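So you can see what is in the structure, the chains are spelled out below.
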Amino acid sequence: MAKLFILSAPSGTGKSTIAGKLLQQLEGIRRVITATTREPRPGEKHGVDYIFMSKEEFEEGIEKGLFLEYANVYGNYYGTPRDQVEKNLREGYDSLLVIDVQGAFKVKKIYPDAVSVFLLPPSLEELKRRMIGRGYRDSNAQRRLETARDEIPCAKSFDYIIINDFVDKAVEQLKSIVVASRCERENILSNLKSLVHNEELVRLIEGGECYVQET
Ligand code: ADP
Ligand code: 5GP
């Protein structure tokens, strides 16, 4: 039973950094490459960081219902390609969707079983430093910081909250969430035969009664 993990945070918190490292360290999970009409930043690659599209292509995609959700963020369109999420789940791969907060809410409505994770910056000052460090002009950083103030209280509605003070620690915590959710009872029971390579155990779990009584 593959799962969809939604990693969300104010822009500049470190979503891409944490997601990239998680994907290097964990098998069986694929990143959903979202689409955008914004210009690629230096070093960003089409099909790796984003599917870069023109405004016309994106609007055609909206008409055709290609996006699970889409939003206009800071003057550009961003959208989650429906087919990628469906394909990963069909093929038994967990999916990691790195997305803004409004998108996270929309996707959680469509996939209520998705696991939502909010990444928090250690402080607004540090968030500003990270934004500027990534090369935004000050005015843009100011706008994104104001949006961050609106987004941070939304952390309360997510399944998990990770504080991204240190990259390795945040990656470990995200990894733990993915691994723990793979061990959820429903997940194990619905894949019992492929996970438990012992017929006697499988028979006991599937057909046996739990006789342990509370005393
Ligand atoms: P997002 O995807 O949320 O917009 P990025 O992953 O692009 O954010 O990170 C923004 C900037 O912050 C990058 O320059 C990145 O290297 C830096 N960064 C990310 N996490 C940390 C951290 N824990 N400590 C210091 N810098 C970080
Ligand atoms: P950036 O321009 O910094 O890459 O992204 C701006 C914001 O848009 C980030 O918070 C990023 O996570 C978010 N984003 C990226 N892809 C999508 C998407 O498909 N849908 C939505 N709603 N937001 C997205």
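For the structure itself, consult the block above.
Small disclaimer: the values here were computed from a predicted structure and weren't measured.

### Looking at the site of ligand 1
Part 1 of the reasoning: Contacts to ligand 1 come from 15 residues, most closely from Gly12, Lys15, Ser16, Thr17 and Arg134.
Part 2 of the reasoning: The separation between a nitrogen atom of ligand 1 and a polar side-chain atom of Arg130 is 3.2 Å.
Part 3 of the reasoning: Here ligand 1, which alone exposes 570 Å², has 75% of that area covered by the protein.
Part 4 of the reasoning: In terms of residue count, helix α1 (residues 15–25) provides more of the shell around ligand 1 than any other element does, three residues in total.
Part 5 of the reasoning: In terms of residue class, the shell around ligand 1 is built from three nonpolar, seven polar and five charged.

### Quick look at the pattern of salt bridges
Part 1 of the reasoning: One pass over the structure, following the stated rule, counts 16 salt bridges.
Part 2 of the reasoning: One salt bridge connects Lys169 with Asp165, and the closest N-O pair in it is separated by 3.0 Å.
Part 3 of the reasoning: The class for Lys169 is partly exposed, based on a relative accessible area of 35%.
Part 4 of the reasoning: Looking at Asp165, the relative accessible area reads 30%, which means it is partly exposed.
Part 5 of the reasoning: Through salt bridges that share partners, Arg30, Lys87 and Glu91 make up one connected network.

### Here's the deal with the environment of Tyr111
Part 1 of the reasoning: Secondary-structure assignment places Tyr111 in the loop between α4 (101–110) and β8 (115–120).
Part 2 of the reasoning: Taking the C-alpha atoms as reference points, Tyr111 and Lys3, 108 residues apart in sequence, are found 9.6 Å from one another.
Part 3 of the reasoning: Non-local contacts of Tyr111, meaning those with residues more than four positions away in its chain, are made with Leu4, Leu68, Val85, Glu86 and Leu89.

### Some details on the sheet that holds strand β4 (residues 51–52)
Part 1 of the reasoning: With mixed pairing, four strands are arranged side by side in an open sheet as β4-β3-β6-β5. Each edge of the open sheet carries a strand with a single partner, namely β4 and β5 (67–73).
Part 2 of the reasoning: The pairing of strand β3 (residues 35–36) with strand β6 (residues 76–81) spans two bridges and is classified as antiparallel. Residue Ala35 lies in a different strand from β6, and its bridge partner there is Gly79.
Part 3 of the reasoning: Sitting on the sheet, helix α2 (residues 55–63) touches β3, β5 and β6, and the angle it makes with β6 is about 45°.

### Some points on the pairing of β6
Part 1 of the reasoning: β6 sits mainly inside the fold: five of its six residues count as buried.
Part 2 of the reasoning: Note that β5 and β6 share six bridges and pair antiparallel. Each bridged residue has a counterpart across the sheet, and for Val73 the counterpart in β6 is Asn76.

### Description of the site of ligand 2
Part 1 of the reasoning: Neighbouring residues of ligand 2: 18 residues in total, closest Arg38, Tyr50, Glu69, Tyr78 and Asp100.
Part 2 of the reasoning: Residue Thr34 places a side-chain N or O atom 2.8 Å away from a nitrogen atom belonging to ligand 2.
Part 3 of the reasoning: At 2.6 Å from an oxygen atom of ligand 2 is found a side-chain nitrogen or oxygen belonging to Arg38.
Part 4 of the reasoning: Starting from 520 Å² of accessible surface for ligand 2 in isolation, the protein chains cover 95%.
Part 5 of the reasoning: Ranked by residues supplied to the shell around ligand 2, first place goes to β6 with three residues.
Part 6 of the reasoning: When the residues that make up the shell around ligand 2 are grouped by side-chain class, the tally is six nonpolar, five polar and seven charged.

### So, the packing of aromatic side chains
Part 1 of the reasoning: If you walk through the whole model with that rule in mind, you get eight aromatic pairs.
Part 2 of the reasoning: Ring centres 5.1 Å apart and planes at 80° place the aromatic pair Phe118 and Phe158 in the edge-to-face group. With Phe118 in strand β8 and Phe158 in the loop between α6 (138–151) and β9 (160–163), the pair connects residues that are 40 residues apart, well separated along the chain.
Part 3 of the reasoning: For Phe118, a relative accessible area of 0% gives the class buried.
Part 4 of the reasoning: Among the aromatic residues, those joined into a cluster by ring pairs are Phe58, Phe67, Tyr70 and Tyr77.
Part 5 of the reasoning: Looking at Arg30, its charged tip hangs above the ring of Tyr93, at a distance of 3.6 Å from the centre.

The rules we used
- Residues numbered from 1 in each chain as written.
- Chains lettered and ligands numbered in written order.
- Predicted model: local features only at pLDDT ≥ 70, side-chain atom pairs only at ≥ 80, totals over all residues.
- Heavy atoms only, no water.
- Near = heavy atom within 4 Å.
- Polar contact = N/O pair within 3.5 Å; in protein donor to acceptor, adjacent residues only side chain to side chain.
- Areas by Shrake-Rupley, 256 points an atom, 1.4 Å probe, with all protein chains shown as cover.
- Helix = DSSP H or I, 4+ residues; strand = E, 2+ residues; numbered from the N terminus.
- Nonpolar A, V, L, I, M, F, W, Y, C, P; charged D, E, K, R; others polar.
- Salt bridge = Lys/Arg side-chain N within 4 Å of Asp/Glu carboxyl O.
- Buried < 20%, exposed > 50% of the residue type's maximum accessible area, 1.4 Å probe, protein only.
- Contact = heavy atoms within 4.5 Å.
- Pairing = 2+ DSSP bridges.
- Axes fitted to C-alpha atoms, helices over the stretch in contact; angles between N-to-C directions.
- Phe/Tyr/Trp six-rings, centres within 6.5 Å; stacked < 30°, edge-to-face > 60°.
- Lys NZ or Arg CZ within 6 Å of the ring centre and 35° of its normal.

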